[in-house]
Amino acid sequence: MATIAMTVNGKAVRADVEPRTLLAQFIRDQLRLTGTHVGCDTSQCGACVVHLDGKAVKSCTVLALSCEGKRVTTIEGLGEPERLHPMQEAFREHHALQCGYCTPGMIMSAVDLVQRKGSRLDEKTIREELDGNLCRCTGYHNIVRAVAAGAQAMAAQAMRQAS
Amino acid sequence: MSENGIGQSVRRREDIRFITGAGQYTADISRPGQVYAVFVRSPHAHAKIKRIDIAAAEKAPGVVGIFTGKDLAADKIGGLICGWMIHSKDGSPMKAGAHPALATDKVRYAGDHVAVVIAESLDQARDAAELVSVDYQILPPAVRLADAQKPGQPQLHDEAPNNTVYEWHLGDKAAVEAAFAKATHRTKLELTNNRLVPNAIEPRAAIGEYDRGSGGYTLYTTSQNPHVARLVLSAFIGIAPENRLRVIAPDVGGGFGSKIFIYAEEVVCTWAAKKVGRPVKWVADRSESFLADAHGRDHITTAEAAMDASGKILALRVKTKANLGAYLSTFSSSVPTYLYAPLLSGQYDIPAIYCEVDGVYTNTAPVDAYRGAGRPEATFVVERLVEVAARELGKDPAEFRMHNFIRKFPHQTPVLSNYDAGNYAACMKMAAEAADYAGFSARKAKSAKQGKLRGIGFSAYIEACGIAPSKAVGSLGAGVGLWESAEIRVNATGTVEVLSGSHSHGQGHETTFAQLVSQRLGIPIEQVSIIHGDTDKVQMGMGTYGSRSAAVGMSAIFKALDKVIAKATKIAARCMEVPETNVDFTDGVFSARGSNKTMKFGEVALQAYVAHKFDTAEIEPGLKEAAFYDPTNFTFPSGVHIAEVEIDPDTGRTTIERWTAVDDFGNLINPMIVEGQVHGGVAQGIGQALLEQAVYDASGQLVTASYMDYCMPRASDLSSFDVAMTNTPCPSNPLGVKGCGEAGAIAAPAALINAITSALGHEDIAMPATPQAVWRASRPRREIAAE
């Protein structure tokens, strides 16, 4: 066992973990934040995407111990039912989810995409950038629309907050 | 008309929890004191188990129990069952071998379950599982479907000589032969329907729990039909009687058929919970999902069509070998028989059809229903045949289809199905217009100038949903009835709980079912809760598959609502002191004709429970009604999908330039959700046609057992889809709905392969049409021939 400290969704957490514990396991099993899902063993599906120091990572391929002192944001930390993040809102508005299993990772990747590439995203860019996130339900059609709309809404929110 | 009523694209109510990470999937549930199960699986496709040595594993840290098939047998735990009896042509029942949850004497596919190791932590269970030593005597496997029935092949089950489960047929052979004899043109195709892995993104999981106090078991599981799971686990496998077994299917992350079936892991975790006195949790990793989830499709077919001089189809003759894998999964026997051949008439008026199907054992994972289940296979046969026939006859494929469409309804096909309603020509016209079919040749010429090959392909599919009535499916061999149940509990405050036997794993029932209730009772949708997936709450149900939840599940709700309204009307009449026959109920208000007396639904609900204003000897207090609805016929959704593709002959890459779908699902409850179902189905159909393939090597190893090796469709592989609907309401259910969940997966493969072959100018390409395959096929024929 080793002790680890990090900030998760704005809260300081400290815990003992087995050295082989993955960040995804730590978040789900020890912190009981089960919105981060695991869908594969090969870092392909993206259901486990969280933000580590503000950047999207697949938490199933990050050792918890390597996150010492870092900032983790999970889907639970992005927005709440009464105060949704614009990307969460866009996924609902555009019916970009069905079973919901890939959704947290998809949303976390989408937010990261906007942070990296800005709010004016064309369909081709969105499709290429979502290559690390698998969805079996939606055929991606509505996800692409939601990400484009969510990106615009994120920009509008940033404008409102700046003014 | 309520803004959240039927026909409105109401935003989904369940989404709030999913987009905020508050969903509760099976793997998210932790029970106090739970321990973790890891399965020891066969690394061989076919082997005798000589000895299982658990001594070293038992001593490993954290281990609380290790069990094998002998332990299950000692407790008289039965094997897994197949719930649909198929009879061969000669009248003999299908030849099924035993399917123990943990193999005892023999393993029959790579991934077969041999033992379970249960430990305090998942890592400890994994480590200990490595220490279980199994002494195998490796046997040669029968892997290839095409060869498995040949003499001298390795035999999987003693009960099934030549690995043949059944030799089934449907239709009038003599009539077909007579039609072929007089035909002026015949078209013949050899077709492979490639083997797929369903791949819901949520892996399967199970938590078994035993309560010493009550002597009852609880199973949390990733199921599309928890009541069927309870019935099978109780009545056939013998875990516990139904009243001592609760099955909960909480949020389920996609199913596509693969979560209909009762699996070994569910049996073992539930049973073992009592053995170890702790809740036992198992979550599949993805490679286990590939190895041991039921796979889909896997047919080899010879199909022939006979035409007369006018281009009318006279007859079809189809011979199919269907791979059923190493054991018969829960409904596997029905998929290539009664869910397949009855759809072989497609949308066409074909006087004679004869179909033969051999169900075949191989040393591969069990094969069962996957989105569409038999109907995509049937559509691929019919729509490839029709397309090729049109090309051979020099006819326009759209016109050839129109020439052969069924025009009068009801229409009895020669393969059992009785189509109740449809307007196939309307779909075709609308789709051809939306796809700008008229402008295709100009686009093709433009592509050709750029060195690209452009093609267009049609798929005019028929589907059968809401398989029913129960008596009819029983006569065909089904072990269950295919009705659905609903219970409406109106609370004293006017809020409503709807308990449904359907199960939602992405379909949005919490929204669509509430739309129906909100509209019919005239109450805000917020006052309606939909409850499903728990056998302690919902008494009985048949679950969700085969696009049945709207046509059957909602019809049950409709019927229960009729009863609620009837009783509420009586109570309202007593309260308003008017004759019952004078009371109308509209938009949530009971009004007495000829007076100004009115009562809101909520007021009547309160009076039902207060029970002061009516004689309780005549009307019982309370407002709660239940219904079981058994449909009188299947529903028959149909549609036309048109794929337009461009192929780069230098790379073999196929780009989908345009996808046009015009579907007839009858009345729509929520168009947004229906369109989403079409998108998802089309994506899976495109996956089948272009990308996906489960591959076993000659030794029976699944070489595509991860997302690194099995090509799942990604966002960049797909295009946007143009989706539109026509509407001929279904006459056999009160809502006029048909079902939309599988249509895309049924329509898409044929449309895409017809488009690719149209671009290539020849028919010689199989699914999946990968870039490599298309590159080879797009080279000049003489080069291919020279190889």
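Analysis parameters
Residues numbered from 1 in each chain as written. Chains lettered and ligands numbered in written order. Predicted model: local features only at pLDDT ≥ 70, side-chain atom pairs only at ≥ 80, totals over all residues. Helix = DSSP H or I, 4+ residues; strand = E, 2+ residues; numbered from the N terminus. Rg over C-alpha atoms; globule rule 2.2 N^0.38 Å. Buried ≥ 20, exposed ≤ 12 C-beta atoms within 10 Å, placed from the backbone. Contact = placed C-beta atoms within 7 Å. Domains from an automatic or database assignment. Pairing = 2+ DSSP bridges. Right-handed = clockwise from strand over helix to strand, strands pointing away. Nonpolar A, V, L, I, M, F, W, Y, C, P; charged D, E, K, R; others polar. Axes fitted to C-alpha atoms, helices over the stretch in contact; angles between N-to-C directions. Left-handed = near helix turned anticlockwise from the far one by under 90°. Expected span 1.5 Å × (residues − 1). Parallel < 35°, antiparallel > 145°, perpendicular 65-115°, else oblique. Core = buried A, V, L, I, M, F, W, Y, C linked by C-beta atoms within 7 Å. pLDDT = per-residue confidence, 0-100.

1. Observations regarding the overall build of chain A
Secondary structure assignment for chain A yields six helices and five strands. Taken over the C-alpha trace, chain A has a radius of gyration of 16 Å; the compact-globule value for 163 residues is 15 Å, and the two agree within 12%. Based on the C-alpha atoms only, the size of chain A along its principal axes is roughly 45 × 40 × 25 Å. Burial analysis of chain A (163 residues in total) assigns 56% to the buried set. When contacts within chain A are restricted to residue pairs at least 6 apart in sequence, those whose partners lie at least 24 apart make up 63%.

2. Examining the overall build of chain B
Along chain B, the regular secondary structure elements total 20 helices and 28 strands. Relative to the 2.2 N^0.38 estimate, which gives 28 Å for 787 residues, the radius of gyration of chain B is 27 Å and therefore close to what a compact globule would have. Taken along its principal axes, the extent of the C-alpha atoms in chain B is 90 × 75 × 50 Å. Here chain B holds 787 residues, and the buried ones make up 59% of them.

3. Considerations on the domain arrangement of chain A
Residues and elements named next belong to chain A. Once the domains are mapped, chain A shows domain 1 (2-78) and domain 2 (86-162). Computed from C-alpha coordinates alone, the two centres of domain 1 and domain 2 are separated by 21 Å. In this assembly, 16 residues from domain 1 lie in contact with 13 residues from domain 2. Secondary structure elements with two or more residues in the side of domain 1 that touches domain 2: strand E3 (49-52), strand E4 (55-58) and helix H2 (75-78). The greatest single-element share of the side of domain 1 that touches domain 2, amounting to three residues, is contributed by E3.

4. Observations regarding the pairing of strand E20 (residues 496-500) of chain B
Moving residue by residue along a regular strand, the side chains alternate between the two faces of the sheet. Residues and elements named next belong to chain B. Across the five residues of E20, four count as buried, placing the element largely inside the fold. Pairing analysis gives five bridges linking strand E19 (residues 484-490) to E20, with the strands arranged antiparallel. When the sheet's bridge partners are listed, Ala 486 is paired in E20 with Ser 500. On the question of chirality, the crossover connecting E20 to the parallel strand E21 (residues 528-531) by way of helix H14 (residues 509-521) is right-handed.

5. A look at helix H3 (residues 86-93) of chain A
Of all eight residues that make up H3(A), six are buried, and the element is covered over most of its length. Buried-residue contacts for H3(A) involve H2, helix H4 (103-117) and helix H6 (141-162) of chain A together with helix H1 (15-19) of chain B. Following H3(A) by one or two positions, A:His95 adopts a phi angle in the positive range, close to 50°.

6. Overview of the interface of chain B and chain A
Listed per partner, the contact involves 45 residues of chain B and 47 residues of chain A. Top contributing element to the side of chain B that touches chain A by residue count: helix H17 (residues 671-691) of chain B, with seven residues. Here the residues of the side of chain B that touches chain A are counted per class, giving 20 nonpolar, 15 polar and ten charged.

7. What to know about the sheet that holds E20(B)
Residue and element names in this part refer to chain B. Strands sit in the order E21-E20-E19-E25 across an open sheet of four strands; the sheet is mixed. Every other strand in the sheet has two partners, leaving E21 and strand E25 (624-629) as the edge strands with one partner each. The sheet shows a mean angle of 15° between the axes of neighbouring strands, taken without regard to direction. Examined bridge by bridge, E19 and E25 share six bridges and lie antiparallel to one another. Paired with Ala 486 across the two strands is Ala 627, which belongs to E25. Contacts from helix H15 (residues 549-576) reach E19, E20 and E25, with the element oriented near 145° to E25.

8. So, the packing of H3(A) against H6(A)
All names here are of chain A. Interhelical geometry of H3 versus H6 gives an angle of 145° and a closest axis separation of 8 Å. For the element pair H3 and H6, the recorded crossing hand is right-handed. Taken together, the residues of H6 that come into contact with H3 (itself represented by Pro 86, Met 87, Glu 89, Ala 90, Phe 91 and Glu 93) are Ala 146, Ala 149, Gly 150, Ala 153, Met 154 and Gln 157. When the residues that make up the contact of H3 with H6 are grouped by side-chain class, the tally is eight nonpolar, two polar and two charged.

9. Let's talk about unusual backbone geometry
All names here are of chain B. Cis rather than trans, the peptide bond between Phe 409 and Pro 410 has omega equal to -5°. Inspection of the secondary structure puts Pro 410 in the loop between helix H10 (397-404) and strand E16 (411-412). Here the bond from Ala 468 into Pro 469 is cis, since omega is -10°, no more than 30 degrees from zero. As for its position among the elements, Pro 469 is in the loop between strand E18 (453-462) and helix H13 (470-475). Located in the positive-phi region is Asn 199, a residue other than glycine, with phi close to 60°. Summarising the element assignment, Asn 199 is placed in the loop between strand E8 (185-196) and strand E9 (205-211). Looking at Asn 199, the number of C-beta atoms within 10 Å reads 27, which means it is buried. In this model, Ala 611 sits at a positive phi of 60°, which is unusual for a non-glycine residue. Within the element layout of this structure, Ala 611 appears in the loop between helix H16 (601-610) and E25.

10. Details of helix H18 (residues 743-760) of chain B
Residue and element names in this part refer to chain B. Taking 1.5 Å of rise per residue, 18 residues should cover 26 Å, and H18 covers 26 Å from first to last C-alpha, within 8% of that figure. Most of H18 is tucked away, with 18 of its 18 residues classed as buried. Just downstream of H18, Gly 761 is the residue with a positive phi angle, here 85°.

11. Quick notes on the packing of H17(B) against H18(B)
Residue and element names in this part refer to chain B. Where H17 meets H18, the closest approach of the two axes is 7 Å, and the angle between their N-to-C directions is 40°. Accordingly, the angle class assigned to the pair H17 and H18 is oblique. For the element pair H17 and H18, the recorded crossing hand is right-handed. On H18, the residues that touch Val 678, His 679, Gly 680, Gly 681, Val 682, Gln 684, Gly 685, Ile 686, Gln 688, Ala 689 and Leu 690 of H17 are Ala 743, Gly 744, Ala 745, Ala 747, Ala 748, Pro 749, Leu 752 and Ile 753. Looking at side-chain class alone, the contact of H17 with H18 contains twelve nonpolar, seven polar and no charged residues.

12. Description of the environment of B:Gly296
If you trace the backbone, B:Gly296 turns up in strand E13 (residues 296-307). As a C-alpha pair, B:Gly296 and B:Tyr370 span 74 residues in sequence and 5.0 Å in three-dimensional space.

13. Digging into the nonpolar core
Residue and element names in this part refer to chain B. Ranked by size, the top nonpolar core spans 320 residues in total, and within it Ala 37, Ala 115, Val 117, Ile 118 and Leu 344 carry the most contacts. Looking at this core, the element that brings in the most residues is H15, giving 14 residues. The contact partners of Ala 115, leaving out residues within four places of it in the chain, are Val 40, Ile 52, Ile 54, Ile 66, Phe 67, Thr 68, Leu 102 and Val 132.

14. Some words on the confidence of the model for chain B
Summing up the model confidence of chain B, the mean pLDDT is 96 and the portion of residues at 70 or higher is 99%. This prediction of the complex comes with two scores: 0.97 for pTM and 0.98 for ipTM.

15. Details of the sheet that holds strand E22 (residues 583-586) of chain B
All names here are of chain B. Spatially, E22-E23-E24 is the arrangement adopted by the three strands of the open sheet, whose pairing is antiparallel. Bordering the open sheet on either side are E22 and strand E24 (598-600), each of which pairs with just one other strand. Within this sheet the neighbouring strands show an average axis-to-axis angle of 20°, counted without direction. Where strand E23 (residues 589-592) and E24 come together, three bridges link them in antiparallel fashion. Paired with Phe 590 across the bridge in E24 is Met 599. On the sheet, H15 packs against E22, E23 and E24 and is oriented at approximately 125° with respect to E22.

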